[in-house]
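# An overview of the molecular structure
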Amino acid sequence: MNKPLTLEKVVSHYIEEKRSLGFKYDKNEQVLNRFIRLAEQEGYTKPQLDEALVKIWISKTVYETEKNRQYRIGVIRGLADYMVLE
């Protein structure tokens, strides 16, 4: 019996695909792992990007630069594009 698809599995498949295309993807993997931890803390496990969760994720934190925030937004945007195509 197949286990149900979770957000964590979707992210894992996304990272695998990026690496199969030749991307190193280490820093992005770290960012996505932080996103998964946030999702779990907020109670999200479904294989979808909930608007409320994404808004929490893209909110600027007090300790980061705007450049870092934009990087996080870009990473989650890439995941969203991947999820739309799957």
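This section reports on the structure supplied with the text. (Residues numbered from 1 in each chain as written. Predicted model: local features only at pLDDT ≥ 70, side-chain atom pairs only at ≥ 80, totals over all residues. Heavy atoms only, no water.)

## As for the pattern of salt bridges
Going by this rule: A carboxyl oxygen of Asp or Glu within 4 Å of a side-chain nitrogen of Lys or Arg is what we treat as a salt bridge. Helix and strand definitions follow DSSP, with helices as H or I runs of at least four residues and strands as E runs of at least two, each counted in order from the N terminus. For each residue, the accessible area found with a 1.4 Å probe, counting protein chains only, is set against the maximum for its type, and the residue is called buried under 20%, exposed over 50%, and partly exposed in between.
Applying the stated rule across the entire model yields six salt bridges. Residue Glu-29 pairs with Arg-19 through a salt bridge whose shortest N-O separation is 2.6 Å. With a gap of ten residues between them, Glu-29 in helix H2 (residues 26-41) and Arg-19 in helix H1 (residues 7-20) connect regions that are remote in the sequence. Residue Glu-29 is classed as partly exposed on the basis of its relative accessible area, which comes to 25%. With its nearest N and O atoms 2.5 Å apart, the salt bridge here joins Arg-72 to Glu-64. Each member of the pair, Arg-72 as well as Glu-64, is classed as buried. What emerges from the salt-bridge pattern is a single network uniting Arg-19, Lys-24, Asp-26 and Glu-29.

## Looking at the packing of aromatic side chains
The condition is simple: Within 6.5 Å between ring centres, the rings of Phe, Tyr and Trp (the latter by its six-membered ring) count as paired, and their orientation is classed by plane angle as stacked under 30 degrees, edge-to-face over 60, tilted in between.
The final tally for this structure, using the stated rule, is three aromatic pairs. On the numbers, 5.0 Å between centres and 45 degrees between planes, the contact of Tyr-14 with Tyr-82 is tilted. Pair noted here: Tyr-14 is in helix H1 and Tyr-82 is in helix H4 (residues 66-85), with a separation of 68 residues, a long-range link. Overall, Tyr-14 belongs to the buried group, its relative accessible area being 4%.

## Brief notes about the packing of H2 against helix H3 (residues 51-58)
Rule in force here: Orientation is described by axes fitted as lines to C-alpha atoms, over the contacting stretch for helices, and by angles from 0 to 180 degrees between their N-to-C directions. In these notes the angle categories are as follows: under 35 degrees is roughly parallel, over 145 is roughly antiparallel, 65 to 115 is roughly perpendicular, and the rest is oblique. Crossing handedness: left-handed means the near helix sits turned counterclockwise from the far one by under a right angle, and right-handed means the same turn made clockwise. Any two residues having at least one pair of non-hydrogen atoms within 4.5 Å are treated as being in contact.
Two elements in contact, H2 and H3, have axes separated by 11 Å at closest approach and are oriented at 125 degrees. Taken together, the axes of H2 and H3 are oblique relative to one another. Pair H2 / H3 crosses with right-handed handedness. Here Val-31, Arg-34, Phe-35, Leu-38 and Ala-39 of H2 come into contact with H3, specifically with Leu-53, Ile-56 and Trp-57.

## Details of the nonpolar core
Short version of the rule: In this description, a nonpolar core means a group of buried Ala, Val, Leu, Ile, Met, Phe, Trp, Tyr and Cys residues linked to one another through side-chain atoms lying within 4.5 Å.
Formed by 19 residues in total, the largest nonpolar core has its most connected members in Leu-7, Leu-32, Phe-35 and Leu-79. If you list the elements that add at least two residues to this core, you get H1, H2, H3 and H4. Considering each element in turn, this core owes the most residues, six residues, to H2. With residues near it in sequence (within four places) discarded, Phe-35 still touches Leu-7, Leu-49, Leu-53, Trp-57, Ile-76 and Leu-79.

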